[in-house]
Amino acid sequence: MFGRKKRRLDPLIRQLMEWVGETNVLYRREDLVAYECDGFTLKKGEARAVVFPADTREVAAVVRLLHRENVPFIARGAGTGLSGGATPLGGEVIISLVKMKKLLRVDLDNRIAVVQPGFVNLKLTQSIADRGYYYAPDPSSQYACTIGGNVAENAGGAHCLKYGVTTNHILGAEVVLPDGEVIRIGDEGIPDMPGYDLLGLLTGSEGTLGIVTEITVRILKAPQGKQTLLAYFDDVEEASRAVSDIISAGILPAALEMMDRTAIEAVESANFPVGHPLDIEALLLVEVDGIEAGLKSQVEDITELCRRRNVREVKTARDEKEAAAWWANRKTGFGAMGAISPDYLVQDGVIPRSTLPEVLGKIREISRDTGLRIANIFHAGDGNLHPLILFDERKPGEKERALEAGSRCLKVCAEVGGTITGEHGVGIEKREEMRFVFTKEEIAAQIRLRDVFNPGNLLNPGKGFPQPGRCAEVKQEIKERRMAEG
Amino acid sequence: MDLARSAETPSPDALPCADGKLGNYLSGDVPDENKWADCVHCGLCLEACPTYLETGHEHQSPRGRVHLIKAVAEGKIGLNESFMDPVFTCLDCRACETACPSNVQVGGLIEEARGQVRRAHPLKGWKGWVSRFFLHGVFPHPGRLEMLGKGLRLLKRSGLSSFARRIGLMKLLPSQLEEMERVTPIPGLPVRKKLPEVVPARGKRKERVALLTGCVMDAVFGDVNEATVRVLTRNGYEVHIPRSQTCCGALHVHAGDREAGRELALRNMEAFSDADHVLVNAAGCGCAMQEYPELFREDPALRQKAEAFAEKVMDVSRFLTRYGFERPKGEIRARASYHDACHLAHGQGVREEPRWILRSIPGLEWVEMANADRCCGSAGIYNLTHPEMAGAVLRRKMEDVPEDAELIPMGNPGCMLQMSVGVLREGRRSKVVHTMELLDRSYRIGDREGKEASSCSDGKSGGWILSSGN
Amino acid sequence: MTAMALNDLLPAERISRSESSNPLGNSGDWIAQPRTENEIADLLRHADEKGWKVTVTGGGSKRGYGGLRERYDMMLSLADLRGVVEHRRGDMTVTVRAGTPIRELADHLAEHGQRLPCDPRWPGTATIGGVVAANETGPRRLAFGAPRDFVLGLRVICPDGRILRTGGKVVKNVAGYDMNKLFVGSMGTLGVMSEITVKLRPLPPDQCLMYLTFPEGSEADIEPFLRLLRSSTLEPFALEVLNPVLAEKTAGVNRYTLAVAFEDRSEAVDDQVKWVRDHLPEGIGMEMRRGEEALRCWEAWAELGPRGPEVPDTDSPAAAAKIGLRSTETVSFIREATEKASDRGLEVFAHGGAGHGIARIWLRGTREAVLPYLAELRSVVEERRGFLVADHLPFEWRKRLDVWGNRTIPFGLMKRIKDSCDPNRTLNDQRFVGGI
Ligand SMILES: Cc1cc2nc3c(=O)[nH]c(=O)nc-3n(C[C@H](O)[C@H](O)[C@H](O)COP(=O)(O)OP(=O)(O)OC[C@H]3O[C@@H](n4cnc5c(N)ncnc54)[C@H](O)[C@@H]3O)c2cc1C
Ligand code: SF4
Ligand code: SF4
């Protein structure tokens, strides 16, 4: 019976099966439905198939086949992306890297680790923690997201204020280019190899320049000491001013996070509550780390700075366990929105830290205008805002209003000299908003770069840039206007 | 926008019923919309899910399963074979619920979806046979279970089973059943047979409790029940063992037979109607009973009754730590590594209590197991219906069990069987035990030593022996 | 193109004809000193249309770094394009014109308690543009990272005169490709940077620099001590191994020396100094510079080694190289480089970061002596999968020794990048790897 079924199979599927084995190709509609979107759920599309290669050779073979057959394809990690990077637009073959999830090598002395792309972020730290090391980039999705996905999105995390984002921790990679050629960049974690910084270009390219099949990352020695503080404020503005004060005082915390009242309500009604008071307007979660001897005075300084901003209460975590609970509460913040709203749309704008009070005010205005609640959880230290727009997709019109609110938030960020995304990427979601920050020429220059790597645009097409259709429309409009004027 | 539209257009082979909420579901007991609406598709549950870890397939993950359940409601896909597979491959281990920041009740949804699938496609073949045989032929009938236990006892005692094994007779059974037979202990007598309906407290009575004896527990691990009763009574609790109690229905609900589940639930709610505390030493049963209200979500009156009942249900370890237990004195010198049964840790949030109890036992050397709360693959009769997946999950579990653990205590009979298979397969020397057995044993050793090692009733002094028969 | 045409683009006093040549090559027939972006754009567009070859320079400190052309049609000097555009103190970012010398910027920032996390050579001469174009780092790279890590945004003029912005002004940004990476370290072969926005760090409350000198015969103790230090929880800012002649210049002791630096609050610096004292093997000398003194040591350090603008000694010119290795191989490399030099009767200055794996050497000598030495070192390094880039050589020598080495890199892709950004090969033609 199976034989008969197989004969009816799409020949492409059969060829894919020849490369990766029957059980490593999904093609039935029911199986594909699960791949119709990533963590960004507002746009969905149907893939043609999903393949699970086991190694670089298989990835390259699959890519060569698809390239030859002119079939578009997408790399996918854990699918926790928040901008639709791994979402098919229709008809793509998804190359899932989750079966390439080995930790290949750890060299503590040289402080590098080599992983396959499907290796889960948190696993790396877990595998080396007993020897006192860790991997610094810690997106809140680190329980599930893959390092391959992190490279593609240049993921950040709470601790990138002090330690930098993914691009600062990637030292080498093996990459399958969109025509199937396999290249190696960087070797043994040695920095500054002669030539252009291909690694830097690939990091954050949202899976449109190549498929990363092996990654060399920098690992760090866990800090000698760590202190975690929680500061409760009755006023959002005071809290944001405290953030600026801390940084201006020359303190570089490992993390400096903020949540507003709505966000606190969500995390407290979700799965990891820690007992934050529900009547405060904002909280700051601050972590300082480093040489033990230098921490006490830093904690004192921060406490004092918060006091000057009329903090209601500042407390220091009693032990690791308490700090971990605070962090779990913070890191599951996005998901916690499910506890107070059926759907949420998270935005990811970045602003100069000093404009925080102004921007938060404008976001409140947007919330009022659209009638949607907006919670704010964000990396305050680096000005990376995550307004979470709460809505119910089942209510007619709410989704559209949420999208509008999201776009307006980004506009505000762009207007104060910031940008539209600090870590989640453009994907499908923010394609049009790219125009808030880049001119047509600047976008064209980026597309030219894409064409160098991905000339046929088969790898993850339609992501990251304003849609050509719209571009043409705009061009047409300009032409018409000119004609009218001329 | 085009995208969204094309995705929202259902394919012709899965056209929904007119009612948008129902989608392609059969009417009645439809997977709860509010449960899937809670899911924000964040994926934080992925790495907690044993079947996702094995397959890497999104539709075999909690998020994927919830998404599929939603897709049926949206009319995107039908209630067919390809939907059935992920829904039934779920171990119902609830690890995803612990991981999920937004409190999605994945387990409940899956059970509701299974109910739908079973109504649409009744089981056939070997799986159908196993399922019918156990779910309808055996579990709801204490008498038949006892017969099974008796048979097992006979088989084991007579040495017939090892004889049969030698001549390869047991090979006629599916291998997973054969292994299961090898690891089952020589069952003690079921307490429901052996003990009176009310067992008085030793000393002053502190509290009256009722005990669910459970079907597998009582038939296969009757000794564990006895140990539990001894522990309770010595701590001043009067134990009631209602004769009219029956199977908790967990297996039926897991298998999608929600109707049978409801029937059993009603019988138990009746049987335990007088009790203030319904204590359970089998995690799966305790969890199922706490979830009786879910079965009656469409009947407000019964639902309320079920809620009141569920309030009374408690794992015996939690009860002891809440209401007090005497510190055991008997030394058990062994290295122990505790396994969190899914339905204790994830299902009921019981994690610390068994650890407190066990760590109060003198001499016990404690080794924390990595990923202690990861499923062992037992999941009711899952190891019979999905042997490959169960085997893979078990293999992964055994990787986390410290090689040098002499004792592996836990709080669920299903896990005890499965972990024993694991120990057998890996050729380990560890002994799988129930938390209550260890506590009971420590008490008894303590008592014996208290009596200055005079005439000791327990003849077996050397080494740990699982069934500490009397 | 004639002077007439150029004079239309720039006032006469900022454009001149130059016949003089320089042994380091990379000269220009015309020298243009634009002061604005638009001037640069006009000059480039003009050149691009006419098929001229243009070289770009800041302070000229890297004139001997790469390049297979002795002369270009025009040298674009950005020395006049200087000054801070915008310093957002509270945001800890600064936007500065590309021709601003590093020291000038540092002085400005220090007034506000801030600094550029970068300690390149010749801060008085080197401009921020040059440092970024070469992705240049110093010993404290261990804590600072490299320009690729701190550049937030750029304004770049393309060879055809288009002006692009890359990145932005905020510390996190993933909108579009990270186009900054295209230009950082590209040796000016893809575009001319006019403005650079960088991330700043606070000046440290306290700092120290310890020189640990290993007496002859105890060199074998360096590596185990380093291993101990690397696996500790200390947070050194620098961990440089110096060979004896260099140590003589910096620490005043002719011995293999380890330079260890800490920057932190005083208590934390004290604590780390104590750790080093407690763990130091017996017989190892220790010198410590604290606070201002340490700062001055670093300043002096940066002025060692050859640089472009010096009038080179033609008999015995200077050569320098940058080496990348696994950090655990730094000590053995520094020793090997020193020994192999003395075998050849050469005197080499060498230091290497035992925490980041970038080493530098420089020496003087005849071509016949120096080039084979560099080639030998290179083969040693490449065998260990590292690289050796000769980042300061007279022009004639560069024709004989490939500045960039023989490591296989994805050259095809790089060439396509060059072709896409600079199809007429107008900018810094043949200055970079593989003749790009
Ligand atoms: C609850 C929640 C919290 C989050 N918090 C953060 C946060 O704090 N910081 C942050 O930066 N992000 C955060 N994210 C976003 C997301 O987790 C990150 O973008 C992450 O890096 C995505 O990894 P992934 O494995 O899920 O990749 P996917 O979502 O599968 O893919 C993301 C993109 O990468 C591409 N890709 C994946 N693997 C490869 C590969 N091997 N080679 C080439 N391209 C590839 C895909 O094509 C796609 O474009 C969060 C997401 C969620 C749901
Ligand atoms: S219950 Fe267990 S097997 Fe089922 S989806 Fe959740 S984690 Fe996976
Ligand atoms: S963790 Fe919860 S909300 Fe997130 S995808 Fe899984 S079930 Fe949905």
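In every chain, residue numbers begin from 1 and rise along the written sequence. For this description, chains carry letters from A and ligands carry numbers from 1, given in the order in which they are written. For this predicted model, a pLDDT threshold of at least 70 governs which residues receive local features, and a threshold of 80 or more governs which side-chain atom pairs are given and counted, while totals over whole chains, interfaces and linings are taken from all residues. The side-chain quantities take in all heavy atoms of the structure and omit both hydrogens and water.

Chain B goes by Glycolate oxidase iron-sulfur subunit in an unreviewed UniProt entry, where it is assigned to Melghirimyces profundicolus. The Function (unreviewed entry) field of the UniProt record for chain B holds the comment "Component of a complex that catalyzes the oxidation of glycolate to glyoxylate." UniProt positions are given in the numbering used here, feature names are shortened, and annotations may be inferred rather than shown by experiment.

Under an unreviewed UniProt entry, the name given to chain A is Glycolate oxidase, and the organism recorded is Melghirimyces profundicolus. Taken verbatim from the UniProt record of chain A, the Cofactor (unreviewed entry) comment is "FAD".

Trainee: Hey, could you run me through the overall build of chain A in this one?
Mentor: The secondary structure listing takes helices from DSSP runs of H or I that are at least 4 residues long and strands from runs of E that are at least 2 residues long, numbered from the N terminus. Looking only at helices and strands, chain A has 18 helices and 18 strands in total. Only the C-alpha atoms count toward the radius of gyration. The rule for a globule is 2.2 Å times the residue count to the power 0.38. By the compact-globule yardstick of 23 Å for 486 residues, chain A fits well, its C-alpha radius of gyration being 23 Å. Exposed residues in this analysis have more than 50% of their type's maximum accessible area, buried residues have under 20%, and partly exposed residues fall in between, with area computed by a 1.4 Å probe over protein chains only. For chain A, the proportion of its 486 residues judged to be buried stands at 66%. Only heavy atoms enter the contact rule, under which two residues are in contact if any of them lie within 4.5 Å. In chain A, the share of contacts with a sequence separation of at least 24, taken over all contacts with a separation of at least 6, comes to 72%.

Trainee: Can you walk me through the pattern of salt bridges in this structure?
Mentor: Any two side chains of opposite charge can pair, given that their charged atoms come close. Definition used for salt bridges: Asp or Glu carboxyl oxygen within 4 Å of a side-chain nitrogen of Lys or Arg. All chains considered together, the criterion is met by 115 salt bridges over all chains. The shortest N-O distance in the salt bridge between Arg326 of chain C and Glu329 of chain C comes to 3.2 Å.

Trainee: In this structure, what is going on with the sheet that holds strand S2 (residues 49-51) of chain A? I would like to understand it.
Mentor: In a beta sheet, neighbouring strands pair by backbone hydrogen bonds and run either parallel or antiparallel. Residues and elements named next belong to chain A. Two strands form a pair only when DSSP identifies at least two bridges running between them. Strands sit in the order S1-S2-S4-S3 across an open sheet of four strands; the sheet is mixed. Both outer strands of the open sheet, strand S1 (25-26) and strand S3 (73-76), are each paired with one neighbouring strand and no more. As paired strands, S3 and strand S4 (residues 93-96) are joined by four bridges and run parallel to one another. From the neighbouring strand, Phe73 faces S4, where its bridge partner is Val93. Here an angle of 0 to 180 degrees is reported between the N-to-C directions of two axes, which are lines fitted to C-alpha atoms, with helices fitted over the stretch in contact. Seen against the sheet, helix H4 (residues 56-69) touches S2, S3 and S4 and runs at an angle of roughly 170 degrees to S4.

Trainee: Before we go on, may I ask you to explain helix H8 (residues 222-230) of chain C in this structure?
Mentor: Residues lying three or four places apart along an α-helix face the same way, a consequence of the helix completing one turn every 3.6 residues. The set of residues buried in H8 of chain C consists of Ile222, Glu223, Phe225, Leu226, Leu229 and Arg230 of chain C. One face of H8 of chain C carries all of its buried residues, which in axial projection span an arc of 160 degrees. The directions from the helix axis to the C-beta atoms form the arc being described.

Trainee: Any chance you could explain the site of ligand 1 here in plain terms?
Mentor: The environment of ligand 1 is formed by 35 residues, the closest being Ala75, Gly77, Thr80, Ser141 and Thr146 of chain A. For this purpose, a residue is taken to be near a molecule or strand whenever a single non-hydrogen atom of the residue falls within 4 Å of it. At the site occupied by ligand 1, the surrounding residues belong to chains A and B. Identification of polar contacts relies on pairs of N or O atoms within 3.5 Å, with a donor-acceptor requirement for protein atoms, meaning one able to donate a hydrogen and the other able to accept it, and with residues adjacent in sequence counted only if both atoms are side-chain atoms. Gly149 of chain A is positioned such that a nitrogen or oxygen atom in its backbone is 3.3 Å from an oxygen atom of ligand 1. Only the protein chains shown count as cover for residues, and all accessible areas are computed by the Shrake-Rupley method using a 1.4 Å probe. Protein chains shield 100% of the accessible area of ligand 1, which is 970 Å² for the free molecule. Elements supplying a minimum of two residues to the shell around ligand 1: S3, helix H6 (147-153) and strand S10 (211-218) of chain A.

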